[in-house]
Amino acid sequence: MRDDDFFRNRQLRYDYLTHLYEREIISDYAKYLISANEPFTLALIDIDNFKNVNDGYGHTVGDDVICYVANKIKEAFEGIGVVGRFGGDEFIIAVKGIVEYNEVWEMCRKVFKKIDGIEIPEHPSLYITVTLGLSRFPNDGKYYDELFSMADKALYRGKIKGRSCFIIYLEEKHKNIQFHSGLDTAVNSMQMHASIFKLLTKASSLADGIRSLFKFLGTSLMLDNVCIQSKKQIMFSEVYYLSRTKEFKYIPVELIEPNISSAMGIFYVNECKQLNSLNQSDLLRYFDEQGILSTFYAEISYQGVVYGYLRSDATACSKIWQYQDMDLLITAASTIGIILHYQNLTLDDLVKE
């Protein structure tokens, strides 16, 4: 089957902003492949945290970002896929002939390198990442609506995983994913906060509570490492079993403390390599030695006394720290600080338990 037959026999429509195909062209093309029983992969791509770009820089800059990312996606899929703009900050692609899981994964790896972590020359303060969700015909479904729904679920899984990643739909992993409304998200956030308090206050000791809490946070937020870093050692490290680094080490607090926000009591980096441009090569060296790509620190403190830091690291891929995730980590750090104060304990006391 020749793609020329599809594109020659219809009126093609192009998106006014990006000049990519409109989404109806891609959906019709996917249906055309299905009718001819031609295996293909359907991919959805979403720009991460795009609302922050529009809100912080304005819609004109937002349009610039969409156009720039659109060109990168088109270049990345040149010769292997047909690219369209789905709408807003989302794109849709059909890739004929690549459906075996390992082949799709390898394609994603190559494409992802080209379209994730985009720096836009006209707007150097922006660092743009994307999330991909993919499904395959006929592996995952026989109809376009099925395939789209599955790719959408995979995309959603990538979003809640932490963004800046690609997810290939697998029935055993993603079949039961349910999309959450804003209310669901708010309720889930309240439940998460309540769980933090419960785990820390209902345990037989604060040390046991912290161990249980870190297992909970590591699993819920998919953190490669969550631990406490005192001023001289690392404590209670909970390492995710898929983490590339199996043993995380102490990082001198004199390199961390100057970066802690006095207003929020936190320090985080989505891309540790950016520390090079900030003249923090010493700190970057410690991160590189442990394979840390992204990191987050929250002060464990109360009434002006800083006991140490709750630390979290990402190693498999760079992590875009989401506000709701940071809020949970800040809550955990603050609660630990309050309990230390009222139980008249130090972090060193917890090691003895």
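As a starting point, this report considers the structure included with it. (Residues numbered from 1 in each chain as written. Predicted model: local features only at pLDDT ≥ 70, side-chain atom pairs only at ≥ 80, totals over all residues. Heavy atoms only, no water.)

## Section: the side chain of Asp116
Here Asp116 is to be found in the loop between α5 (101–115) and β5 (118–120). No salt bridge is formed by the buried Asp116; the nearest opposite charge belongs to Lys273, separated by 8.2 Å. Looking at Asp116, its side chain comes within polar contact range of the main-chain nitrogen of Val130, at 2.9 Å. There is a polar contact of 2.9 Å between the side chain of Asp116 and the side chain of Ser164. (Helix = DSSP H or I, 4+ residues; strand = E, 2+ residues; numbered from the N terminus. Buried < 20%, exposed > 50% of the residue type's maximum accessible area, 1.4 Å probe, protein only. Lys, Arg positive; Asp, Glu negative; His and termini not counted. Salt bridge = Lys/Arg side-chain N within 4 Å of Asp/Glu carboxyl O. Polar contact = N/O pair within 3.5 Å; in protein donor to acceptor, adjacent residues only side chain to side chain.)

## What to know about the packing of helix α3 (residues 50–57) against helix α4 (residues 59–76)
Helix-helix packing is characterised by the crossing angle of the two axes and by the distance between the axes. Direction vectors running N to C along α3 and α4 enclose 140°, while the axes themselves pass 7 Å from each other. Accordingly, the angle class assigned to the pair α3 and α4 is oblique. Judged by residue contacts, Phe50, Val53, Asn54 and Tyr57 of α3 engage His59, Val61, Gly62, Val65 and Ile66 from α4. For the contact of α3 with α4, a count of residues per class yields six nonpolar, three polar and no charged. (Axes fitted to C-alpha atoms, helices over the stretch in contact; angles between N-to-C directions. Parallel < 35°, antiparallel > 145°, perpendicular 65-115°, else oblique. Contact = heavy atoms within 4.5 Å. Nonpolar A, V, L, I, M, F, W, Y, C, P; charged D, E, K, R; others polar.)

## Let's talk about the side chain of Thr129
In this fold, Thr129 is placed in the loop between β6 (123–128) and β7 (130–137). There is a polar contact of 2.7 Å between the side chain of Thr129 and the side chain of Asp48. Excluding residues that lie within four positions of it along the chain, Thr129 makes contacts with Asp46, Ile47, Asp48, Asp116, Gly117, Ser164 and Ile320.

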